[in-house]
Amino acid sequence: MLDAQQGFGCGVARLIAKLFELGIVRERDGMLPAREANDEACAKLPADIVRQLHVHSHRNEYGTNGRTFHGLKVLIPDGTKVSFADTQPTRDKYGAGQGHYVQSQALGFYELSTGTFEDFRFEHCNTPERAIAIGHMGSNATRSLYMADAGYNGMAFIAISMDKNHELLMPLKNCALAKKFLKAKKRSAVIGIKLSKIHLANYPGHHHLLGTCIKVRLIRTRGTSKLRSQVLITTLIDEVVFGWREVTKLYLQRYCVELAFRHLKTRIGIERIRKRKLLRIEQLLFAAIVLFNLSAALRNRIRRPSLLPEKAGIKLHCFTLCIELVHTFLQAALGPRRGIRKKMDSSLRAIRGCWFIYKPWRAEPRICRTPPSEFSVQKGAEMLTEVETAKFLSVEYEILAQQYGQRE
């Protein structure tokens, strides 16, 4: 990526030589592998190798442009569904899902300062998101602030994150505690909570926390003409270091992960994968995350996103166009040819000339009018209606097939 921006061309031979230096490929009879052999070996790469490329792409970018919030690395966990072809290997590994296709529970950990995914995990469709997040907390050695949505709500989840030496920030569901705090007309308050069996009902492996007393902080956000005030719950107890205004502004950035998933599904196309071989599916999934991280790196070279929201009316460069044109920079690095430098410069000018006006608090959350998800109807009442319709039609078609002799 950096070679392409500087105008250098490396080609496949240089890439293979670099792999030889890293010990990934071995030299035979004093010669490096040919290009055809390299292409054939890439088709057989384990998914873990491609996943390591995705991890390295984030680490390199975080080492260059990474920033922290009072010493805390800001991670935004969020999940989505990814659909595969219905084959026996995919069904055994990821589950049946809903409808006539296999679905995987995908959970990404979006790093806010660089706009890249630190980790991305594809698990069985019935795996709870909180279980994947707890596993990531256990393997994360860097003290981080996890900004989750209301789906992770639970005092036990908060206690587990504190036990793993991480901080948490998320909205509090509409419960008696939230209503009581809103009536108090306070902006910030620290309260103590004692964990009970009800709190640990969905955490069978953490009953040792029963009776533990934890301190949490409640923050009431500002209301607008379109949105009411909401209550945030966090483990950032210090009201002097972590002012309620600063914490509220930070949480407004959580919608960035929703934009990232929208780009992955509509621009890169991982929402429904038609490949049937399990290895190719997993290679494609992690390669898509690598492409997204490289696109974020290209955007950061133009202008880095800020941890706290910009003022209204600021021009921000379009991330969609970065995704569409990043292949030009990759081609310049891997396959130099006549005219690639001129095309690369024109692409960079096009990216710099494409921008949108930032409006705070989700006034216009979609960048460059990114189209909605193909499976956006699979949520709430519309999802249940579609599932019931599919079941009804399946029964009717089965009756007609037996009636006309197509089924015995």
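Residues numbered from 1 in each chain as written. Predicted model: local features only at pLDDT ≥ 70, side-chain atom pairs only at ≥ 80, totals over all residues. Heavy atoms only, no water.

**Observations concerning the overall build of the protein chain**
Link 1 in the chain: The number of helices and strands found in the protein chain is 14 helices and ten strands.
Link 2 in the chain: Each of the 408 residues in the protein chain was classed as buried or not, and the buried ones make up 42%.
Link 3 in the chain: By sequence separation, contacts in the protein chain at least 24 residues apart represent 68% of the contacts at least 6 residues apart.
Link 4 in the chain: By element, 53% of the accessible surface of the protein chain is carried by carbon and sulfur atoms, the whole surface being about 22300 Å². (Helix = DSSP H or I, 4+ residues; strand = E, 2+ residues; numbered from the N terminus. Buried < 20%, exposed > 50% of the residue type's maximum accessible area, 1.4 Å probe, protein only. Contact = heavy atoms within 4.5 Å. Areas by Shrake-Rupley, 256 points an atom, 1.4 Å probe, with all protein chains shown as cover.)

**Brief notes about the sheet that holds strand E4 (residues 144-147)**
Link 1 in the chain: Spatial strand order, E3-E2-E1-E4-E5-E8-E7-E6: eight strands in an open sheet with mixed pairing. The two strands at the open ends of the sheet, each matched to only one other strand, are strand E3 (116-124) and strand E6 (188-194). Direction aside, neighbouring strands of the sheet carry axes that sit 25 degrees apart on average.
Link 2 in the chain: Two elements, strand E1 (residues 73-84) and strand E2 (residues 102-111), share ten bridges in a ladder whose sense is antiparallel. When the sheet's bridge partners are listed, aspartate 78 is paired in E2 with glycine 108.
Link 3 in the chain: Most of the contacts of helix H6 (residues 129-139) go to E2, to which it runs at about 40 degrees, and overall it touches E1, E2, E3, E4 and strand E5 (167-171).
Link 4 in the chain: Relative to the sheet, helix H8 (residues 176-183) contacts E6, strand E7 (213-220) and strand E8 (231-234), its axis offset from that of E7 by approximately 50 degrees. (Pairing = 2+ DSSP bridges. Axes fitted to C-alpha atoms, helices over the stretch in contact; angles between N-to-C directions.)

**Things to note about the confidence of the model for the protein chain**
Interpretation of the predicted coordinates at a detailed level should be avoided for regions scoring low in pLDDT.
Link 1 in the chain: On average, residues of the protein chain score 82 in pLDDT, and 84% of them reach the 70 mark or higher.
Link 2 in the chain: When the elements of the protein chain are averaged for pLDDT, helix H1 (residues 2-5) gives the smallest value, 62, and E4 the largest, 95.
Link 3 in the chain: This stretch, residues 362-367, has a pLDDT under 50; its non-local contacts, to residues over four places away or in other chains, come to 16 contacts. (pLDDT = per-residue confidence, 0-100.)

**Here's the deal with the pairing of E4**
Link 1 in the chain: Side chains Ser144 and Tyr146 of E4 all project onto a buried face; the interleaved residues Leu145 and Met147 project onto the opposite face, where all are buried too.
Link 2 in the chain: In this sheet, E4 lies alongside E1 in parallel orientation, the contact comprising three bridges. The partner of leucine 75 across the bridge, within E4, is tyrosine 146.
Link 3 in the chain: Of the pairings in the sheet, the one linking E4 to E5 comprises three bridges and is parallel in character. What sits directly across from methionine 147, in E5, is leucine 169.
Link 4 in the chain: Crossover handedness for the path E4 to helix H7 (residues 155-163) to E5: right-handed. (Right-handed = clockwise from strand over helix to strand, strands pointing away.)

**Observations concerning the packing of aromatic side chains**
Link 1 in the chain: If you walk through the whole model with that rule in mind, you get eleven aromatic pairs.
Link 2 in the chain: Consider the rings of phenylalanine 122 and phenylalanine 286, whose centres lie 5.5 Å apart with planes at 80 degrees: the pair is edge-to-face. Of this pair, phenylalanine 122 sits in strand E3 while phenylalanine 286 sits in helix H11 (residues 278-302); the two residues are 164 residues apart in sequence, bridging distant segments of the chain. When sorted by exposure, phenylalanine 122 lands in the same class as phenylalanine 286, which is buried.
Link 3 in the chain: Judged by centre distance (5.2 Å) and plane angle (85 degrees), the rings of phenylalanine 292 and phenylalanine 319 are edge-to-face. With phenylalanine 292 in helix H11 and phenylalanine 319 in helix H12 (residues 319-334), this residue pair connects regions lying 27 residues apart in the sequence. Here phenylalanine 292 matches phenylalanine 319 in class, with each residue buried.
Link 4 in the chain: One aromatic cluster is present, formed by Tyr110, Phe117, Phe120, Phe122, Phe261, Phe286, Phe292 and Phe319 through successive ring pairs.
Link 5 in the chain: Residue placement shows arginine 130 over the ring face of tyrosine 203; its charged tip is 5.3 Å from the ring centre.
Link 6 in the chain: The cationic tip of arginine 299 hangs over the ring face of phenylalanine 319; the distance from NZ or CZ to the ring centre is 4.8 Å. (Phe/Tyr/Trp six-rings, centres within 6.5 Å; stacked < 30°, edge-to-face > 60°. Lys NZ or Arg CZ within 6 Å of the ring centre and 35° of its normal.)

**What about the nonpolar core?**
Link 1 in the chain: If you look at the biggest cluster of nonpolar residues, it comprises 59 residues, and the most contacted ones within it are Tyr110, Leu112, Met147, Leu264 and Phe292.
Link 2 in the chain: Top element by residues in this core is H11. It accounts for eleven residues.
Link 3 in the chain: What leucine 264 contacts, discounting residues up to four positions off in sequence, is Phe117, Phe120, Gly269, Ile270, Ala288, Ile289 and Phe292.
Link 4 in the chain: Judged by nonpolar contacts, the second largest core, of 32 residues, contains Tyr152, Ala156, Ile158 and Val216. (Core = buried A, V, L, I, M, F, W, Y, C linked by side-chain atoms within 4.5 Å.)

**Comments concerning the environment of aspartate 163**
Link 1 in the chain: One can find aspartate 163 in helix H7.
Link 2 in the chain: Given the relative accessible area of 57%, aspartate 163 is considered exposed.
Link 3 in the chain: Sequence separation of aspartate 163 and methionine 137 is 26 residues, and the distance between their C-alpha atoms is 9.9 Å.

**A look at a nonpolar patch on the surface**
Link 1 in the chain: Judged by side-chain polarity, Phe392, Leu393, Tyr397, Leu400 and Tyr404 come together as a nonpolar surface patch covering roughly 580 Å² of accessible area.
Link 2 in the chain: Its location among the elements puts phenylalanine 392 in helix H14 (residues 380-403).
Link 3 in the chain: Look at phenylalanine 392 and you get exposed, because its relative accessible area is 52%. (Patch = residues over 30% accessible without salt bridge, like charges linked within 9 Å, V, L, I, M, F, W, Y side chains within 5 Å. Salt bridge = Lys/Arg side-chain N within 4 Å of Asp/Glu carboxyl O.)

**Focus on the packing of H6 against H7**
Link 1 in the chain: Axis separation between H6 and H7 bottoms out at 10 Å; the angle between their running directions is 15 degrees. Regarding the angle of H6 to H7, the classification is roughly parallel. You can see that H6 and H7 cross each other, and the crossing is right-handed. Facing H6, whose interface residues are Arg130, Ala133, Ile134 and Met137, H7 presents Phe157, Ile160 and Ser161.
Link 2 in the chain: Looking at the contact of H6 with H7 residue by residue, the class counts come to five nonpolar, one polar and one charged. (Parallel < 35°, antiparallel > 145°, perpendicular 65-115°, else oblique. Left-handed = near helix turned anticlockwise from the far one by under 90°. Nonpolar A, V, L, I, M, F, W, Y, C, P; charged D, E, K, R; others polar.)

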